[in-house]
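Structure assessment
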Amino acid sequence: MKFLRIILLIIIFISPANANTIYNLIKIPNLEIYETNTDNGLKYLKAYKPFEVGIRNDNVKCFNSNTNHIDKKFKIISKNFNKYSFDFLKKINLKYIVLCEDLSVSGINTAGVPNHKMKTLIIDIQFNKSHFERTIHHEVFHIIKDGYNNYFDESIWKNYNNPEFNYAKCSTCSDRLGLSIYKKTNGFLTEYSMSTASEDMAEVFSFLMIDKNNINNKATKDSILNNKISFIKKNILKIDNKFNFK
């Protein structure tokens, strides 16, 4: 009985210690470890109660997810993140994946929130089931671009488009939100691709990671899309010449 009490006390004291350690690392409260034994070095964390970070009009909110929900989704999540090697993740500065539900930025629901400086990507595990896997790679691209912005020059990218086309000033300034792939692309894979240059790049990258053959086929009839695909591939390989779009 005394031994069981000691074990219980250890659990009680270690849990807050872990939470405090996590907070000191990535500045997000109310998190605990979900999985750390991974081949590529990623650490998966989950919210044990809702959290909010940021100030005023730039706040990020997310709610804790039932462990059963995470368990059911984790095979899909880990399968997609396992496409990235330890070396590549180190180069792009991504180490922590935060799992939660009903993620929003300034009250607007979103699939993920990347933070390159904190090596962190927050993922809404219940976001749009039809496009969930692809949104993982979309958000990873934002981490990549934040670290290698000089490789992904938006002025070069914009010149691929027809001269009369203009992106919105920001992704939240646009009502172009559709995530389904177009049958006829005309330079853009989805409606959301047409919101900003950065989102357009992220959409191309995400399809290369999930549906490579389909968009390569579309690019044979779409020179704008073909240029965009070549641009993404070329610059990803500058970061890691062993990278495999798989």
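Residues numbered from 1 in each chain as written. Predicted model: local features only at pLDDT ≥ 70, side-chain atom pairs only at ≥ 80, totals over all residues. Heavy atoms only, no water.

Within the protein chain, the regular secondary structure consists of eight helices and eight strands. Expected size for 246 residues packed as a compact globule is a radius of gyration near 18 Å; at 20 Å, the protein chain falls within 12% of this value. Considering only C-alpha atoms, the protein chain reaches an extent of 75 × 40 × 30 Å along its principal axes. In the protein chain, buried positions account for 46% of the 246 residues. Once local pairs closer than 6 in sequence are excluded, the contacts in the protein chain between residues at least 24 apart make up 64%. Within the structure as shown, the protein chain displays about 13500 Å² of accessible surface, and the carbon and sulfur contribution to it stands at 50%. (Helix = DSSP H or I, 4+ residues; strand = E, 2+ residues; numbered from the N terminus. Rg over C-alpha atoms; globule rule 2.2 N^0.38 Å. Buried < 20%, exposed > 50% of the residue type's maximum accessible area, 1.4 Å probe, protein only. Contact = heavy atoms within 4.5 Å. Areas by Shrake-Rupley, 256 points an atom, 1.4 Å probe, with all protein chains shown as cover.)

Helix length check: helix α6 (residues 197-210) (14 residues) gives 20 Å between terminal C-alpha atoms against 20 Å at 1.5 Å per residue, within 8%. Burial analysis of α6 places 13 of its 14 residues in the buried class, the great majority of the element. (Expected span 1.5 Å × (residues − 1).)

Turning our eyes to something else, we now look at the pairing of strand β2 (residues 43-47). Within β2, four of the five residues are buried, which leaves it mostly tucked inside the rest of the structure. One ladder, built from four bridges, connects strand β1 (residues 31-35) with β2; its direction is antiparallel. Bridge pairing links Glu 35 to Tyr 44 in β2. Where β2 meets strand β5 (residues 96-105), four bridges bridge the pair, whose relative direction is parallel. Across the sheet, residue Tyr 44 finds its bridge partner in β5, namely Ile 97. (Pairing = 2+ DSSP bridges.)

By definition, a disulfide links two cysteine residues through a covalent bond between their sulfur atoms. Under the defined criterion, the tally for this structure stands at one disulfide. In this model, Cys 62 is linked to Cys 100 through a disulfide, with the two sulfur atoms separated by 2.1 Å. With the S-S dihedral at roughly 95°, the linkage between Cys 62 and Cys 100 falls on the right-handed side. Residue Cys 62 is located in strand β4 (residues 60-63), and its partner Cys 100 is located in strand β5; the two are separated by 38 residues in the primary sequence. For Cys 100, a relative accessible area of 0% translates into the label buried. (Disulfide = S-S within 2.5 Å.)

Next up on the list: helix α2 (residues 67-81). Lys 73 marks where α2 bends most, by close to 45°. The N-cap of α2, judged by a side-chain oxygen 2.7 Å from the amide nitrogen of Asn 68 a few residues on, is Asn 66. (Bend = angle between axes of the 7 residues up to and from the residue. Polar contact = N/O pair within 3.5 Å; in protein donor to acceptor, adjacent residues only side chain to side chain.)

Below, the discussion takes up unusual backbone geometry. Positioned with a positive phi, Ser 106 is a non-glycine residue whose angle comes to about 55°. Within the secondary structure, Ser 106 sits in the loop between β5 and β6 (108-109). Among the residues examined, Ser 106 registers a relative accessible area of 34% and is labelled partly exposed.

Moving on, we get to the environment of Cys 170. In this fold, Cys 170 is placed in the loop between α5 (154-158) and α6. Measuring from C-alpha to C-alpha, the distance between Cys 170 and Ser 195 comes to 7.2 Å, with 25 residues separating the pair along the chain.

Applying the stated criterion to the full structure yields 19 aromatic pairs. With a centroid separation of 4.7 Å and 50° between ring planes, the pair formed by Phe 88 and Phe 243 is classed as tilted. Placement of Phe 88 in helix α3 (residues 86-92) and of Phe 243 in the segment after α8 (223-239) is noted, with a sequence separation of 155 residues between them. By relative accessible area, which is 0% here, Phe 88 ends up buried. Among the residues examined, Phe 243 registers a relative accessible area of 10% and is labelled buried. Ring geometry for Trp 157 and Phe 231: centres 5.4 Å apart, planes at 65°, overall edge-to-face. In this pair, Trp 157 is assigned in helix α5 and Phe 231 in helix α8, connecting sequence segments 74 residues apart. With respect to class, Trp 157 is no different from Phe 231; both count as buried. Among the aromatic residues, those joined into a ring-pair cluster are Tyr 84, Phe 88, Phe 141, Phe 152, Trp 157, Tyr 160, Phe 205, Phe 231, Phe 243 and Phe 245. Sitting over the face of the ring of Phe 132, Lys 73 holds its NZ or CZ atom 4.0 Å from the ring centroid. Above the ring of Tyr 151, the side-chain terminus of Lys 238 is found at 5.4 Å from the ring centroid. (Phe/Tyr/Trp six-rings, centres within 6.5 Å; stacked < 30°, edge-to-face > 60°. Lys NZ or Arg CZ within 6 Å of the ring centre and 35° of its normal.)

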